[in-house]
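# Summary of structural features
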Amino acid sequence: MQEILASLDRRWRRSDAALASCHWKTCLFLTANIVLLSALLFDRPVGAALKSLSPSIRFFGGMLTDFGDSGWIIIVSAFLFIEGWAGSRLLRSPRCRCQATRICQIGAYLLTTIVLSGLLANVLKRAIGRARPTHFADWGPFGFSPFNGRASFESFPSGHATTIGALFVALAFIFPRYRYIFAACALWLAITRVMVGAHYPSDVIAGLALGGWFSFMTAIVYSRYGLLFRIDPAGWPVTKWRLLKSK
């Protein structure tokens, strides 16, 4: 009987792993197609309409768009990492040390995700060399000049949108209760890059997807080393304290 139960348990775990694999492959397939469709359907009309965009919309976008600048997020993440590390070494209470270690790991996760996804986005945008909407009249939405070296030919993917996607997907993994709020914030903040005329819609969607997927993969790596995350029965990364509460 024990052997039968053990066999059923192994099959159940394999089916869960296959289900999770199916989920992420489906999401990746849908993401790629959404980026392609947005490029084909929306980039040209949006590029043509940007010059006539309402000043109030540009003003609104300008107020919020710098939120996607990775500088301040890196500073905050580094602060959390250093303060948490110091607390885990200096505090006397085991409970306080545990909380400090948790803060340290959150800071490390955010720092790793934001920095590495930003570097990847910068390499890709330079290698792809897509012309920004400011060159729409001359190059159109599908003008490319790889390794041009000019910022005006570094449109795809959006670096700001990558940072926003990485940040809010990471926060959604850490605080899943607020994931819908994080999703709405990510969409609104990312679309400001279109409002200010810096990117096409497909640039923004690709950036969000790149940052989000990078946060997901980083969480998987952290879980392999027992840091911050564990893999739940369905194969998705969840924070260790949340998994303990569910048991």
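Everything in this summary refers to the structure shown in the same document. (Residues numbered from 1 in each chain as written. Predicted model: local features only at pLDDT ≥ 70, side-chain atom pairs only at ≥ 80, totals over all residues. Heavy atoms only, no water.)

### With respect to the overall build of the chain
Along the chain, the regular secondary structure elements total 10 helices and two strands. Relative to its 247 residues, the chain shows a buried fraction of 41%. Looking at the chain alone, contacts between residues at least 24 apart form 67% of all its contacts between residues at least 6 apart. As displayed, the chain offers around 14300 Å² of accessible surface, 69% of which is attributable to carbon and sulfur atoms. (Helix = DSSP H or I, 4+ residues; strand = E, 2+ residues; numbered from the N terminus. Buried < 20%, exposed > 50% of the residue type's maximum accessible area, 1.4 Å probe, protein only. Contact = heavy atoms within 4.5 Å. Areas by Shrake-Rupley, 256 points an atom, 1.4 Å probe, with all protein chains shown as cover.)

### Looking at helix α9 (residues 201-224)
With 24 residues, α9 should reach 34 Å at 1.5 Å per residue; the first-to-last C-alpha distance of 35 Å fits that figure. Counting buried residues along α9, 20 of its 24 residues qualify, which places the element largely inside the surrounding structure. G226 sits one or two residues past α9 and shows a positive phi near 70 degrees. (Expected span 1.5 Å × (residues − 1).)

### Details of the packing of helix α7 (residues 159-174) against helix α8 (residues 179-195)
How two helices pack is summed up by the angle between their axes together with the distance between the axes. Two numbers describe how α7 lies on α8: the axes approach to 9 Å, and their chain directions differ by 175 degrees. If you check the angle between α7 and α8, you find them roughly antiparallel. Residue-level inspection shows H160, A161, I164, F168, L171 and A172 of α7 in contact with α8, the latter providing R179, F182, C185, A186, L189, A190 and R193. Its residues assigned to classes, the contact of α7 with α8 shows 10 nonpolar, one polar and two charged. (Axes fitted to C-alpha atoms, helices over the stretch in contact; angles between N-to-C directions. Parallel < 35°, antiparallel > 145°, perpendicular 65-115°, else oblique. Nonpolar A, V, L, I, M, F, W, Y, C, P; charged D, E, K, R; others polar.)

### Description of the packing of aromatic side chains
Two descriptors summarise a pair of aromatic rings, namely the distance from one centre to the other and the angle between the planes of the rings. The full count for this structure, using the stated rule, is 11 aromatic pairs. Plain terms: the ring middles of F67 and F168 are 6.2 Å apart, the flat faces sit at 25 degrees to each other, and that makes the pair stacked. Of the two residues, F67 is situated in the loop between α3 (55-65) and α4 (70-90) and F168 in helix α7; the sequence distance between them amounts to 101 residues. (Phe/Tyr/Trp six-rings, centres within 6.5 Å; stacked < 30°, edge-to-face > 60°.)

### Quick look at the layout of surface pockets
The calculated volume of the largest pocket comes to roughly 1000 Å³. Lining the largest pocket are 30 residues, and of these V169, A172, R179, A183 and G212 lie nearest its centre. The greatest single-element share of the lining of the largest pocket, amounting to eight residues, is contributed by α9. (1 Å grid on protein atoms, 1.4 Å probe; cavity = no way out; pocket = protein on both sides within 12 Å on 5 of 7 lines; lining within 4 Å. Points joined across faces, edges and corners; volume = space filled by probe spheres on them.)

### Quick notes on unusual backbone geometry
The linkage connecting F156 with the following residue, P157, adopts the cis geometry, with an omega of -5 degrees. With respect to the element layout, P157 can be found in the loop between α6 (136-139) and α7. Even without a glycine there, the phi angle at L228 is positive, about 70 degrees. Residue class for L228 comes out buried when judged on its relative accessible area of 1%.

### Structural notes on the nonpolar core
Among the nonpolar cores identified, the biggest contains 31 residues, and Y109, L167, F168, I174, L208 and F229 are the most heavily contacted of them. Going through the elements one at a time, α5 (94-128), α7, α8 and α9 are the ones with two or more residues in this core. Here the element with the most residues in this core is α7; it accounts for nine residues. I174 has contacts with I106, Y109, L110, F229, T239 and W241, leaving out every residue within four places of it along the chain. (Core = buried A, V, L, I, M, F, W, Y, C linked by side-chain atoms within 4.5 Å.)

### Here we look at the pattern of salt bridges
Here the structure, examined in full by the defined rule, presents three salt bridges. With a closest N to O distance of 3.8 Å, E154 and R126 form a salt bridge. On the criterion of sequence distance, the pair formed by E154 in the loop between α6 and α7 and R126 in helix α5 is long-range, its members being 28 residues apart. Notably, a salt bridge pairs R130 with D203, separated by 2.7 Å at the nearest N-O pair. Residue R130 is located in the loop between α5 and α6, and its partner D203 is located in helix α9; the two are separated by 73 residues in the primary sequence. Across the pair, D203 and R130 agree in class, each one buried. Each of D43, R130 and D203 takes part in salt bridges that share partners, so that together they form one network. (Salt bridge = Lys/Arg side-chain N within 4 Å of Asp/Glu carboxyl O.)

### Considering a nonpolar patch on the surface
Taken together, the side chains of L36, L37, L40, L41, F42, F142 and F144 make up a nonpolar region of the molecular surface, amounting to roughly 720 Å² of accessible area. One can find L40 in helix α1 (residues 2-41). (Patch = residues over 30% accessible without salt bridge, like charges linked within 9 Å, V, L, I, M, F, W, Y side chains within 5 Å.)

### Observations concerning the packing of α4 against α5
For the pair α4 and α5, the least separation of the axes is 7 Å and the interaxial angle reads 150 degrees. By the criterion of interaxial angle, the relationship of α4 to α5 is roughly antiparallel. For α4 against α5, the interelement crossing comes out left-handed. Contacts from S70, I73, I74, S77, A78, L80, F81, G84, W85, G87 and S88 of α4 reach α5 at R97, A100, T101, I103, C104, G107, A108, L110, L111, I114 and V115. Class assignment of the residues belonging to the contact of α4 with α5 gives a composition of 14 nonpolar, seven polar and one charged. (Left-handed = near helix turned anticlockwise from the far one by under 90°.)

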